[in-house]
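Remarks on the overall topology
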Amino acid sequence: MPSSPCAPDHVRRVACVGAGVIGGGWVAHFLARGYDVTAWDPAPDAEEKLRRLVAAAWPALEQIGLADGASPDRLTVAATLAEAVADAQFVQESAPEKLELKRSLLAQLDAAAPPGVIIASSTSGYPMTDMQTEAADPGRLVVGHPFNPPYLIPLVEVVGGKQTDAAAVEWASHFYEAAGKSVITMERELPGFIANRLQEALWREALHMVANGEATVKEIDDSITEGPGLRWAFMGPCLTFALAGGEGGMAHMLDHFGPSLKSPWTRLEAPELDDTLRTAMVDGCDEAAGGRTIAQLVAERDQGVIDVLRATGRLPRQRTEGTDGNASTTSSMGDEK
């Protein structure tokens, strides 16, 4: 693989190919970080939807804090894929999760992007080894797997395929860090990567409980948001379990609770997603929404993430002017600290 045309922290123009929920979220993130962004999506109404998504995300991004010069006006929507990547210094692909489509699109991007420019895929599950088979220069193709919404959730998982150059993985990881992301650089490929596999296990168990009439959608969601989810916002499941061992830590926890691993507490096989289960999940989510629109739920989610990030010290607290004219620091919920 030729060396990248610029250092990771010198990138100024990013191309985003695919402008749906994930691709559009990437666009919003890169714009907020002060990049010039060129986007392309084959859908006829893609530009209208993309600009609407960016406008909806911008108030949340303003709360987080924009980079110098950040503006939605730095977004250009290209007419063709080739035009979108012609002068890109980094390319983020976010096409639908269809393997043949990914293979073809990554090959097209490889042919059109400037030599040496790193091309990352937002795939949520495919190994890069399976996607890079048609590219002339597979060495510059990496996975850069984000989480929704990419403009708020810090994590991105980076990993290469069998034909990916190790330097490309290193460059991509440094670029994402420069772009304000929290990066896990994986040492080996794993279908679904790390976080999605954990999410999927929880999701399958939830579907089993609904399918068997053991719990409702609301009970399942409440069990997380009012329980372990509060801990997971700042401490992962492994360290959380270690604390269950008291002063003995993980060793005592495993000795004490290890036998429960053989208890029938979980089902690892996915249930049949038949019409009955599908209806139960859809109706349950409608009930849980309580009449709130998707836009309202997105706004609540975004604010919730901001509040958690700020409360756990991963964002600066807001500064407000007191009645005496002195600035005070408060949390996003107004609690003075």
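For the protein chain, an unreviewed UniProt entry supplies the name L-carnitine dehydrogenase and the organism Streptomyces milbemycinicus. Database annotation for the protein chain, UniProt heading Function (unreviewed entry): "Catalyzes the NAD(+)-dependent oxidation of L-carnitine to 3-dehydrocarnitine." The record in UniProt for the protein chain states the following under Sequence similarities (unreviewed entry): "Belongs to the 3-hydroxyacyl-CoA dehydrogenase family. L-carnitine dehydrogenase subfamily."

1. Some points on the UniProt feature "domain: 3-hydroxyacyl-CoA dehydrogenase NAD binding" (unreviewed entry) in the protein chain
In the numbering adopted here, UniProt assigns the feature "domain: 3-hydroxyacyl-CoA dehydrogenase NAD binding" (unreviewed entry) to residues 14-186. Secondary structure within residues 14-186 divides into 39% helix and 20% strand; the distance between the first and last C-alpha atoms comes to 23 Å.

2. Re the pattern of salt bridges
Using the criterion set out here, one finds 14 salt bridges in the structure. For glutamate 97, the salt bridge is made with lysine 102, and the minimal N-O distance between the two is 3.5 Å. A relative accessible area of 34% places glutamate 97 in the partly exposed class. A relative accessible area of 0% means that lysine 102 is categorised as buried. Here arginine 301 and aspartate 302 are joined by a salt bridge, their closest N and O atoms 2.9 Å apart. Among the residues examined, arginine 301 registers a relative accessible area of 30% and is labelled partly exposed. Each of Glu93, Glu97 and Lys102 takes part in salt bridges that share partners, so that together they form one network.

3. A word on the packing of helix α7 (residues 195-211) against helix α8 (residues 217-225)
Two elements in contact, α7 and α8, have axes separated by 10 Å at closest approach and are oriented at 145°. Viewed along their axes, α7 and α8 form a crossing whose handedness is right-handed. Contact residues: α7 offers Leu202, Ala206, Met209 and Val210, while α8 offers Val217, Ile220 and Ile224. Here the residues of the contact of α7 with α8 are counted per class, giving 7 nonpolar, no polar and no charged.

4. Thoughts on the nonpolar core
Note that soluble globular proteins tend to have their nonpolar side chains buried in a common cluster. Val27, Phe30, Phe90, Phe175 and Tyr176 are the most contacted members of the largest nonpolar core, which totals 41 residues. Secondary structure elements with two or more residues in this core: β1 (13-17), α1 (21-32), β2 (36-40), α2 (46-64), β7 (155-160), α6 (166-178) and α13 (294-311). Among residues more than four places away in sequence, those in contact with tyrosine 176 are Trp26, Phe90, Gln92, Ala120, Gly144, Val156, Val158, Lys181 and Val183. With 24 residues, the next largest nonpolar core counts Ala78, Leu81, Leu109 and Val143 among its residues.

Reading the values: the criteria
- Residues numbered from 1 in each chain as written.
- Predicted model: local features only at pLDDT ≥ 70, side-chain atom pairs only at ≥ 80, totals over all residues.
- Heavy atoms only, no water.
- UniProt positions renumbered as here; feature names shortened; annotations may be inferred.
- Helix = DSSP H or I, 4+ residues; strand = E, 2+ residues; numbered from the N terminus.
- Salt bridge = Lys/Arg side-chain N within 4 Å of Asp/Glu carboxyl O.
- Buried < 20%, exposed > 50% of the residue type's maximum accessible area, 1.4 Å probe, protein only.
- Axes fitted to C-alpha atoms, helices over the stretch in contact; angles between N-to-C directions.
- Left-handed = near helix turned anticlockwise from the far one by under 90°.
- Contact = heavy atoms within 4.5 Å.
- Nonpolar A, V, L, I, M, F, W, Y, C, P; charged D, E, K, R; others polar.
- Core = buried A, V, L, I, M, F, W, Y, C linked by side-chain atoms within 4.5 Å.

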